[in-house]
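Structural characterization, general
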Amino acid sequence: MQDATTLKEYRRQLREALDNDFQRQALDKFAVAYRTSRANAFAGIDAPELIAEIAAAKDVAIDHLEELFQEFKRHAEAAGTTVHLAATAHEANEIIARIAKENNVKTIVKSKSMTAEETHLNDHLEAEGLEVTETDLGEWIIQLRHEGPTHMVMPAIHLSRYQVADLFTEVTNKKQDVDIQKLVKVARRELRPKFCQADMGISGANFAIAATGTIGLITNEGNGRLTTTLPRVHVALAGIDKLMPSLHDALRIIRCLPKNATGQAITSYVTWITGAVPCEVGPEGKKVKHVVFLDNGRMAMAKDPEFKQVLRCIRCGACANVCPVYRLVGGHKYGHIYIGAIGLVATYFFHGREAAKNLVQNCLNCGACKAVCAAGIDLPTLIKEVHARIQDEEGHPLYSSVAGQVLKNRSLFHTMLKSARLLQKPVTGGTPYLRHLPMFLFKDQDFRALPAVADEAFRDRWEKIKPHVTNAKLKVALFSGCVQDFVYPEQMEAAVAVIATKEGVAMEYPMGQSCCGLPLMMMGEKKAGRELAAHNMNAIDAQDFDYIVTLCASCASYLKHGYKRLFADDPAMAYKAAQFAHRVIDFSSFVRDVLGITDEAFAGPDKKVTYHAPCHLCRGLGVTEAPRALLGVAGLEYVPAEEEDVCCGFGGTFSVKFPELSKELLTKKINNLKATGATAMATDCPGCIMQIRGGFERDKTPFEVRHVAEYLAERLKRK
Amino acid sequence: MTTPNLVELLTQKASLVSAVVRPVASMDEAMAYVTDVCVGKEACQILASGCDAPLSDTAEALCETKQEKIICAPQMPAEAMETLSGLCAEKGIRLITSGMRSRLGGIDIGLTMAVAGIADTGTVVVRSMSEEVRLASMVAEIHIAVLPASSIVADSYALEPTLVEWMAQPDYTAFVTGPSRTADIERVLALGVHGPLELHILILEDK
Ligand code: SF4
Ligand code: SF4
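First, a word on scope: everything that follows refers to the structure included in this document. (Residues numbered from 1 in each chain as written. Chains lettered and ligands numbered in written order. Predicted model: local features only at pLDDT ≥ 70, side-chain atom pairs only at ≥ 80, totals over all residues. Heavy atoms only, no water.)

Regarding its fold elements, chain A presents 36 helices and 20 strands. At 28 Å, chain A has a C-alpha radius of gyration in line with the 27 Å of a compact globule built from 719 residues. Summarising its shape, the C-alpha atoms of chain A cover approximately 95 × 55 × 50 Å along the three principal directions. Across the 719 residues of chain A, 63% fall into the buried class. In chain A, once contacts between residues fewer than 6 apart in sequence are set aside, the share between residues at least 24 apart is 78%. (Helix = DSSP H or I, 4+ residues; strand = E, 2+ residues; numbered from the N terminus. Rg over C-alpha atoms; globule rule 2.2 N^0.38 Å. Buried < 20%, exposed > 50% of the residue type's maximum accessible area, 1.4 Å probe, protein only. Contact = heavy atoms within 4.5 Å.)

Here is the structure:
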C-alpha cells in the first residue's frame with residue numbers, strides 16, 4: 001500500500017522499491033512474456049472490436065445501474081438470495097458481519113475479491129472475533145505476510161519461492177522445500193481443513209446478471225467453487241458496477257478478460273450461481289445466500305461524464321502488465337489498494353485525495369495502458385484529470401501555477417527562452433549541452449546531459465530559409481513546438497528541406513504559435529492549458545491550410561486529441577478544435593502518405609539505423625509504419641530494437657519529478673538500442689531525442705540520435 | 001447436430017490446457033476407462049513429494065481420512081452405474097455416490113456427466129445443482145467428465161439460450177476448462193492447487 005504523505009517521502013519509497021532486485025526482474029520477465037502470450041491469445045480475434053463492444057455494453061449498464069439493481073434483486077430474491085446495497089465500505093463490512101452473527105458463524109473462507117480489499121473487510125471481520133482465511137494461493141500468501149496485493153490478478157507476483165517456502169515453514173511448523181510444485185500442494189492440503197470447517201464463504205463476483213439474478217465467478221484455482229459450495233452461508237460482495245443486463249454481456253467479457261489478463265483463452269473455471277442452491281449443512285438443506293453490492297461512490301461516478309468510464313473496468317490487470325512505471329516499482333508503490341493505471345484513478349474515488357495525490361503524478365502519459373485496456377478506458381487522460389482536480393481542491397503548487405502563467409503568455413515565455421540563451425553561457429562550456437548544472441536547480445538530473453538553447457531559434461531563421469512557392473497546390477502550416485523552435489531548430493530546417501522537394505507545397509510558419517500546452521496538462525494546469533490551446537487555434541487559422549504538420553509526436557497527438565477534449569463543454573470552440581485537429585498530421589505520415597516521396601529523391605551510402613517509437617506517435621496517433629518505411633525509402637537499413645515502443649522515460653515534466661525512474665527507463669532504452677549493433681537511431685519526437693541523446697552523452701557512448709527528418713534531409717539529392 | 005470438426009476443435013483446445021481427451025464408443029467403454037485410470041493411478045497424487053510431505057498436524061489428519069481407492073460417481077445414468085459397480089467390485093475400488101463432505105481429504109476420481117461442451121475454448125459444462133456433483137468435480141484428484149459429442153457447441157454464445165433457461169431457477173453451473181491451476185508463485189504454472197490435478201474428457205460418440 002502506498003501511504004507516503006509527501007512527494008518527497010513517496011520518492012524515497014520509490015527508490016526503495018527500485019532496490020528490490022527480485023521484484024524488478026520478476027516484473028520485467030513478466031512484462032516481456034505477457035506481450036507474446038497476449039498476442040497469441042488474441043490471434044484471429046478482432047481485439048479492438050471486442051474491446052469496443054465491451055465498452056459500449058458497459059456504458060449502457062452504467063447508465064442504468066439503479067434499474068439493474070432492482071431487476072437483479074427481484075430475480076435473485078425470487079430464487080432465495082437476499083440482496084443488499086451498501087452505501088459505504090463500512091456499511092458493507094457491517095452488513096457482512098451482521099450476516100455472520102445472525103448465522104452463528106465463527107470461521108470464514110474467502111476467495112479473491114478486490115472489492116473486499118477495497119473495504120478492508122478482513123480487518124473488520126477479525127475485529128468482530130471472526131477467523132478469516134484467504135484461499136486464493138496468492139491472497140493467502142499475502143494475508144500471512146500481512147500485506148496487500150501487488151497485482152490484481154497475481155497478488156503475490158513480488159515474492160520469490162524462497163520467501164514463500166520460509167513463510168510456509170512458519171505456518172506448518174515443518175521445514176519446507178523450495179520447490180514451487182510442492183509448495184502449491186502444501187497450500188492445497190493446508191487450506192482444505194479450512195474449507196471443511198468454515199461456516200461462511202465470502203466471494204467476489206465478476207458479473208451480476210440482472211435478467212436472472214445470477215452471479216458469475218471466474219477463477220483458475222477452484223477455490224472459488226469450494227468457497228461457494230462447502231460452507232452453509234455464502235456472501236458475494238461486488239461493486240455495483242458489476243451489474244449487467246444479460247448473460248450475453250458476461251459471456252462477451254469472458255472472451256476478453258482471461259486473454260487480456262494472462263494470455264489464457266479462458267480460465268479453468270467459470271461458475272454461474274443463481275439463488276440458494278441445495279447445501280447439505282444449510283438450514284432446510286439449502287444455502288444461506290446473500291449478495292452485497294457496494295456503492296462507495298460508484299453511483300455518483302456513474303453520473304460524472306468524465307469519470308464514469310472508470311466503472312467499465314473489468315479488473316483484468318492488463319494496465320499494470322504494460323505500464324513501464326509499474327514494472328519498475330511494483331504494485332505496493334504503484335497503487336493504494338487498486339494498482340496500476342486504473343489504481344491511480346480509482347484510488348482518488350475510493351480511498352480519497354490523500355492516498356491519491358502523490359500517485360497520480362507518477363505517470364509518464366505513455367498511453368501503454370490505454371492501448372491494452374479491455375474496456376477502452378482512456379486511463380492516461382483520467383490520471384491527468386484526477387491530478388488537475390486534486391490541485392484545484394488543494395491549491396496549485398507554486399512552480400506549477402508559475403509555469404501556467406508563463407506558458408500561456410507567449411511573448412513572456414519566448415523572451416525568457418531567449419534570455420536563457422545568454423544566461424546559459426557559463427554552463428555550456430561551448431558545447432551544445434548544459435555542462436555545469438547549478439545543482440540546486442537540477443537536483444538528480446545528472447543522469448542525462450541536457451541540451452543548451454540554440455543560438456538562433458527556428459522562428460528567427462524562418463524568413464531566411466522559407467521556400468518561395470508560386471502556384472501552390474497544397475498549403476501547409478508548420479507547428480514546431482517549443483523544443484524544436486528553441487533547442488533543435490535544425491530538425492525543423494531538415495523537415496523544410498524534405499518537404500520542399502515536392503513542388504507546389506507552400507509552407508507557412510505562423511509566428512503567433514506557442515507551446516502546445518501538453519506540459520501544462522501534465523502538471524494539472526488545465527485552465528491555463530485551455531487558454532493556450534485557444535491561443536494557438538487563433539494563431540493558426542486552420543481554414544487557411546490543408547495540413548498542420550508537426551515533427552513532435554507529443555505535440556501532434558495533443559493537438560489532435562487533447563484540444564477537442566479541452567473544449568468538450570463549449571460547442572463553438574469544440575467545433576473549431578475539431579477543424580484544427582482534423583488537419584494536424586505528423587511529419588512522417590505527411591511525407592510518406594501525402595507527399596508520397598519516393599526513393600528517387602535520395603542518394604548516399606547505406607547505413608544501419610535503429611528506431612525508437614515515441615509513445616505519442618505509435619499509440620497516441622497510431623502511426624507505426626510511416627517512419628520506419630521512410631528510412632527504407634531513403635535507402636537506410638532499419639534495424640529493429642527490442643521493446644521499441646516502450647517509453648524512453650522522458651514523459652516531459654515526469655523526468656524532472658521522478659529522475660530516478662526516468663533514469664532507469666532510459667538505461668533500458670539505451671541498452672536495447674546498443675544491442676542492435678547500429679550506432680544511429682531515428683525517432684519522431686524532440687523530447688525523446690533530448691532524453692536519449694542526453695543519455696548516450698552521459699554514457700560516453702558515441703551514438704547518433706536524430707529526427708527522421710534529419711536522416712531524410714541528409715540523404716536528399718542535391719537539385 | 002455436431003460436425004466432426006467441433007469434436008476436433010474441442011479436443012485440440014482442451015489438450016492445450018492439459019486436459020486428457022479420449023473418444024469413447026459407448027458408456028461401457030467409458031466406465032472401463034474410468035476404472036483403468038483409477039487402478040493405474042498412484043494412491044495419493046496430491047503431494048508431488050509423496051505422503052510424507054511436511055504438513056501441519058491438522059492437514060495431516062485430513063490425509064488419514066483416505067485409506068482406499070475411491071471413485072465418486074453421483075447422478076450417473078443407471079445403466080452406466082451398473083457397469084461401473086461391476087468393474088469396481090472386480091478391481092477392489094470403492095464406489096460411492098454420496099457423502100462427499102466427509103471425504104474432503106480427497107478421493108481418486110470424481111465422475112460426472114457434462115451437459116455440454118464448448119469447442120472454441122475446450123470447455124466442458126457441468127450443471128451441478130446436486131452438491132455431490134459439485135463436490136465430485138472439485139474435491140477429486142482426477143475429474144473425469146463424460147461428454148456426449150452431440151452436445152458440443154461452437155462457442156459460449158451458442159449455449160446462451162440454454163444457460164438462460166437454467167438460470168430461471170436456482171442453479172449452479174460451471175464451465176470447466178482443464179484442471180485447476182495457479183501461477184501465483186513466481187508465475188510458474190502448477191496444476192491442481194485446489195481442484196482436480198487432472199481433467200479427463202471422454203467424448204461419447206453418437207450412436
Ligand atoms: S500512461 Fe504509461 S505510465 Fe501512465 S499509467 Fe499508463 S502505462 Fe503507466
Ligand atoms: S482499467 Fe482496463 S486494463 Fe486496467 S484492469 Fe481495468 S479493464 Fe483491465
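Residues and elements named next belong to chain A. Around ligand 1 there are 14 residues in total, and Cys323, Cys363, Leu364, Cys366 and Cys369 lie nearest to it. Secondary structure elements with two or more residues in the shell around ligand 1: helix 15 (324-329), helix 18 (368-372) and helix 19 (379-394). Its residues assigned to classes, the shell around ligand 1 shows 12 nonpolar, two polar and no charged. (Near = heavy atom within 4 Å. Nonpolar A, V, L, I, M, F, W, Y, C, P; charged D, E, K, R; others polar.)

Let's shift gears to the site of ligand 2. In the neighbourhood of ligand 2, 13 residues make up the surrounding shell, with Cys313(A), Cys316(A), Gly317(A), Cys319(A) and Cys373(A) lying closest. Here the shell around ligand 2 is built from residues that sort into 11 nonpolar, one polar and one charged.

Now for the interface of chain B and chain A. Across the contact, 65 residues belong to chain B and 72 residues belong to chain A. Note on chain B versus chain A: buried area summed over both sides is about 6100 Å², and carbon and sulfur give 58% of it. Taken together, the connections running from chain B to chain A amount to two salt bridges. In this structure, Arg161(A) engages Glu186(B) in a salt bridge whose closest nitrogen and oxygen atoms are separated by 2.8 Å. Counting every contact that joins chain B to chain A gives 31 residue pairs in polar contact (both at pLDDT 80 or more). The element contributing the most residues to the side of chain B that touches chain A is helix 5 (residues 131-139) of chain B, with seven residues. Classifying every residue of the side of chain B that touches chain A gives 33 nonpolar, 18 polar and 14 charged. Here strand 9 (residues 269-274) of chain A runs beside strand 9 (residues 171-176) of chain B; their pairing, made up of six bridges, is antiparallel. The residue of strand 9 of chain B that forms the bridge with Tyr269(A) is Val176(B). (Buried area = accessible area lost by both parts, 1.4 Å probe. Salt bridge = Lys/Arg side-chain N within 4 Å of Asp/Glu carboxyl O. Polar contact = N/O pair within 3.5 Å; in protein donor to acceptor, adjacent residues only side chain to side chain. Pairing = 2+ DSSP bridges.)

Another aspect to go through is the environment of Gly430(A). Residues and elements named next belong to chain A. With respect to the helices and strands, Gly430 occurs in the loop between helix 22 (425-428) and strand 11 (433-434). For Gly430, a relative accessible area of 74% puts it in the exposed group. In sequence terms Gly430 and Ala452 are 22 residues apart; their C-alpha atoms lie 9.6 Å from each other.

Residue and element names in this part refer to chain B. Mapped onto the elements of the fold, Met100 is located in the loop between strand 3 (94-96) and strand 4 (109-113). By relative accessible area, which is 0% here, Met100 ends up buried. Taking the C-alpha atoms as reference points, Met100 and Ser156, 56 residues apart in sequence, are found 30 Å from one another. In this view, Met100 contacts Cys72, Ile107, Glu132, Leu135, Ala136 and Val139; residues no more than four positions away in its chain are not counted.

Within strand 9 of chain B, six of the six residues are buried, leaving the element largely enclosed by the surrounding structure. Burial along strand 9 of chain B is two-sided: the face carrying Asp171(B), Thr173(B) and Phe175(B) and the face carrying Tyr172(B), Ala174(B) and Val176(B) are both buried.

Any two aromatic rings considered together are summarised by their centre-to-centre distance and by the angle between their planes. Residues and elements named next belong to chain A. All told, the structure shown has 18 aromatic pairs over all chains when counted by the stated rule. Consider the rings of Phe458 and Tyr509, whose centres lie 5.0 Å apart with planes at 80°: the pair is edge-to-face. Here Phe458 is found in helix 23 (residues 458-465), whereas its partner Tyr509 is found in the loop between strand 14 (505-508) and helix 26 (518-522), with 51 residues between them in sequence. Comparing Phe458 with Tyr509, the two get one shared label, buried. The interplanar angle of 50° and the centroid separation of 6.2 Å between the aromatic rings of Trp462 and Tyr509 together place this pair among those described as tilted. Taken together, the residues span a long stretch of sequence, with Trp462 in helix 23 and Tyr509 in the loop between strand 14 and helix 26 at a distance of 47 residues. For Trp462, a relative accessible area of 1% gives the class buried. A network of ring pairs unites the aromatic residues Tyr10, Phe654 and Phe658 as a single cluster. In this structure, Arg298 is placed above the aromatic ring of Phe350, and the distance from its NZ or CZ to the ring centre is 4.3 Å. Its guanidinium or amino end placed over the ring of Phe545, Lys475 lies 5.8 Å from that ring's centre, counting from NZ or CZ. (Phe/Tyr/Trp six-rings, centres within 6.5 Å; stacked < 30°, edge-to-face > 60°. Lys NZ or Arg CZ within 6 Å of the ring centre and 35° of its normal.)

Residue and element names in this part refer to chain A. Read across the sheet, four strands follow the order 14-13-15-16 without closing on themselves; strand pairing throughout is parallel. The open sheet has two free edges, formed respectively by strand 14 and strand 16 (584-586), since each of these has just one partner strand. Neighbouring strand axes in the sheet, compared pairwise and without regard to direction, differ in orientation by 35° on average. Pairing analysis gives four bridges linking strand 13 (residues 474-479) to strand 15 (residues 547-550), with the strands arranged parallel. The residue bridging Phe479 from the neighbouring strand is Thr550, located in strand 15. Seen against the sheet, helix 30 (residues 587-594) touches strand 13, strand 15 and strand 16 and runs at an angle of roughly 90° to strand 16. (Axes fitted to C-alpha atoms, helices over the stretch in contact; angles between N-to-C directions.)

Before going further, it helps to examine unusual backbone geometry. All names here are of chain A. With phi around 55°, His120 is a residue other than glycine that occupies positive phi space. Of note, His120 is situated in the loop between helix 6 (114-119) and helix 7 (121-127). The exposure class of His120 is partly exposed, given its relative accessible area of 33%.

Next up on the list: the pattern of salt bridges. All names here are of chain A. Counted by the stated rule, this structure contains 56 salt bridges over all chains. Across the pair Glu306 and Arg389 runs a salt bridge whose closest N-O atoms are separated by 3.7 Å. Highlighted residues: Glu306 in the loop between helix 13 (298-302) and helix 14 (318-321) and Arg389 in helix 19, separated in sequence by 83 residues. Judged by its relative accessible area of 30%, Glu306 falls in the partly exposed class. Here Arg389 falls in the partly exposed class, since its relative accessible area comes to 25%. Note that Glu493 is salt-bridged to Arg461, the shortest N-O span being 2.4 Å. Remark: Arg461 occurs in helix 23 and Glu493 occurs in helix 25 (residues 489-499); sequence separation between them is 32 residues. One continuous salt-bridge network, built from bridges that share partners, spans Asp304, Glu306, Glu385, Arg389 and Lys526.

Residue and element names in this part refer to chain A. Read across the sheet, four strands follow the order 18-17-19-20 without closing on themselves; strand pairing throughout is parallel. Among the strands making up the open sheet, the edge pair consists of strand 18 (637-639) and strand 20 (704-707). Between one strand axis and the next, the sheet turns by 35° as a mean value, whatever way the strands run. Taken strand by strand, helix 32 (residues 625-633) contacts strand 17 (608-611), strand 18 and strand 19 (680-683), and its axis lies near 175° from that of strand 17.

For the rest of this paragraph, the subject is the nonpolar core. The tendency in soluble globular proteins is for nonpolar side chains to be buried side by side. Grouped together as the largest cluster of nonpolar side chains are 236 residues, with contacts concentrated most on Trp272(A) and Leu478(A). Here this core takes eight residues from helix 12 (residues 247-262) of chain A, the largest share from any one element. Listed in part, the 24 residues of the second largest apolar core include Ala30(B), Met76(B), Cys88(B) and Ile144(B). (Core = buried A, V, L, I, M, F, W, Y, C linked by side-chain atoms within 4.5 Å.)

Attention now goes to the side chain of Thr274(A). Along the chain, Thr274(A) falls in strand 9. On the basis of relative accessibility, which here comes to 0%, the residue Thr274(A) falls in the buried class. Within polar-contact distance, the side chain of Thr274(A) engages the side chain of Thr214(A) at 2.9 Å. When neighbours within four sequence positions are excluded, Thr274(A) is seen to be in contact with Thr212(A), Gly213(A), Thr214(A), Lys289(A), Met167(B), Gln169(B), Pro170(B) and Asp171(B).

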